[in-house]
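Listed below, chain by chain, are the residues.
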Amino acid sequence: MAKIIGEPTPNLPWEDKPAGCAEPVWRYSRNPIIGRHAIPTSNSVFNSAVVKFGDGYAGVFRCDSKAVSMDIFPGFSSDGINWRINHEPVTFEGDPEITRREYRYDPRVVKIDDRYYIVWCNGYHGPTIGLGYTDDFKTFHQLENLLLPYNRNGVLFPRKINGKYGLLSRPSDTGHTPFGDIFYSESPDLTYWGRHRFVMGTYGGDRSAWQSKKVGAGPVPIETDEGWLLIYHGVLNTCNGFVYRVGCALLDIDEPWKVKLRSRFYILGPEEPYELAGDVPNVTFPCAALTDAATGRIAIYYGCADTVTGMAFTTVDTLIDHMTKYPL
Ligand code: BMA
């Protein structure tokens, strides 16, 4: 039995696997949990991140407006399912050169020590990785962009590794990037990043075609006694455009650029109407996971068709068994 290393979360949002379900990940029965018009100005609410906060949960939500401009908004929940999203986006304090907003999307949130760090795709002469922090989800401070343009899907590890902060990212281009591999970088201070290491890339041929075009990190990696459990997205290019599915991998605990296990089969993909149809059809895009170390349960939050937000469940053992049974 693999163990999640972390805190117990007795109030983790959860549903048992439905009888007869053979899949490693199962959807919340009342998906989507957040609709596209969750706030008065929103066109869509998706690709969003949540964490435990106080007695409940807080999050940073990607809401594209009815002007279809992309920004991130704070939100709060007592149960992780029903969310109140602020009607105004996050405003950051900091150096005006850096806080000047072009666009912000696809946030990830991680608690490191006692502080909540937000990482997102930040427009700065092209997409790069923005970084900010908050202690209360009311006041937000922005730090230096983590990397040069062009980069997306930045995700911080929840603790220092060998005394350094760890980051996964995916170098990209100015457009809808037709390539994408995951790299690891480390930093002593969250400002200066280096020792960039290749973690994993696309998989050619048809052995695992769902991840043949690009891959990118999803939620904050989950620490287990067998390694870092990484949930990620993989993309297939079809005659009808990109299809985004979800997979998982197990990374070495001290050298996270070393992949110990990786799934050949996707663990979640567009199947339900709200995943198949929306502003961008055929997208399941995970950006957050809550865990309960006492039971090994995992609740995944994912964007559906770039329009609404869904939730799905699994356990650490289920994913590790799945990767072991169907390795890449
Ligand atoms: C990626 C990002 C995501 C989006 C996905 C599918 O490049 O822009 O925000 O969910 O495309 O459109």
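Residues numbered from 1 in each chain as written. Predicted model: local features only at pLDDT ≥ 70, side-chain atom pairs only at ≥ 80, totals over all residues. Heavy atoms only, no water.

Can you help me understand the sheet that holds strand β7 (residues 104-112) in this one?
In spatial order, the strands read β6-β10-β9-β8-β7; together these 5 strands make up an open sheet with mixed pairing. Looking along the sheet, the strands with just one partner apiece sit at the ends: β6 (92-93) and β7. Bridge analysis of strand β8 (residues 115-123) against strand β9 (residues 127-134) gives 8 bridges, and the strand direction is antiparallel. Note on β9: the bridge partner recorded for Trp120 is Gly130. (Pairing = 2+ DSSP bridges. Helix = DSSP H or I, 4+ residues; strand = E, 2+ residues; numbered from the N terminus.)

What's the story with unusual backbone geometry in this structure? I'm lost.
Trans is the common state for peptide bonds, and a negative phi is the common state for residues other than glycine. Between Asn31 and Pro32 the backbone carries a cis peptide bond, its omega angle lying at -10°. Summarising the element assignment, Pro32 is placed in the loop between β1 (26-27) and β2 (42-53). Cis peptide bonds are those with omega within 30 degrees of zero, and the linkage from Pro149 to Tyr150 qualifies with 10°. With respect to the helices and strands, the residue Tyr150 is situated in the loop between β10 (140-143) and β11 (151-156). One non-glycine residue, His125, lies in positive phi territory at about 60°. In this fold, His125 is placed in the loop between β8 and β9.

Got a minute to help me understand the nonpolar core in this structure?
As a rule of thumb, soluble globular proteins bury nonpolar side chains together. If you look at the biggest cluster of nonpolar residues, it comprises 36 residues, and the most contacted ones within it are Ile33, Phe61, Trp83, Ile85, Val109, Phe137 and Tyr301. Looking at this core, the elements that each hand over two or more residues are β2, β3 (56-65), β4 (70-77), β8, β20 (284-292), β21 (297-304) and β22 (308-315). It is β3 that contributes the most residues to this core, 5 residues altogether. In this view, Phe137 contacts Val51, Phe53, Ala58, Gly59, Val60, Pro74, Phe76, Val109 and Tyr116; residues no more than four positions away in its chain are not counted. In this structure, Tyr133, Leu147, Tyr165 and Ala217 belong to the second largest nonpolar core, which totals 32 residues. (Core = buried A, V, L, I, M, F, W, Y, C linked by side-chain atoms within 4.5 Å. Buried < 20%, exposed > 50% of the residue type's maximum accessible area, 1.4 Å probe, protein only. Contact = heavy atoms within 4.5 Å.)

Before we go on, may I ask you to explain the pairing of strand β18 (residues 241-251) in this structure?
Note on strand geometry: in a regular strand, side chains alternate between the two faces of the sheet. Among the 11 residues of β18, 9 are classified as buried, and the element is accordingly described as predominantly covered. In this structure, strand β17 (residues 227-238) lies alongside β18, joined through 11 bridges in antiparallel fashion. Looking across to β18, one finds that His233 is bridged to Val246. Between the end of β17 and the start of β18, which pair antiparallel, lie 2 residues. By the bridge criterion, 3 bridges tie β18 to strand β19 (residues 259-262) in an arrangement that is antiparallel. Bridging across to β19, Ala249 finds its partner in Arg262.

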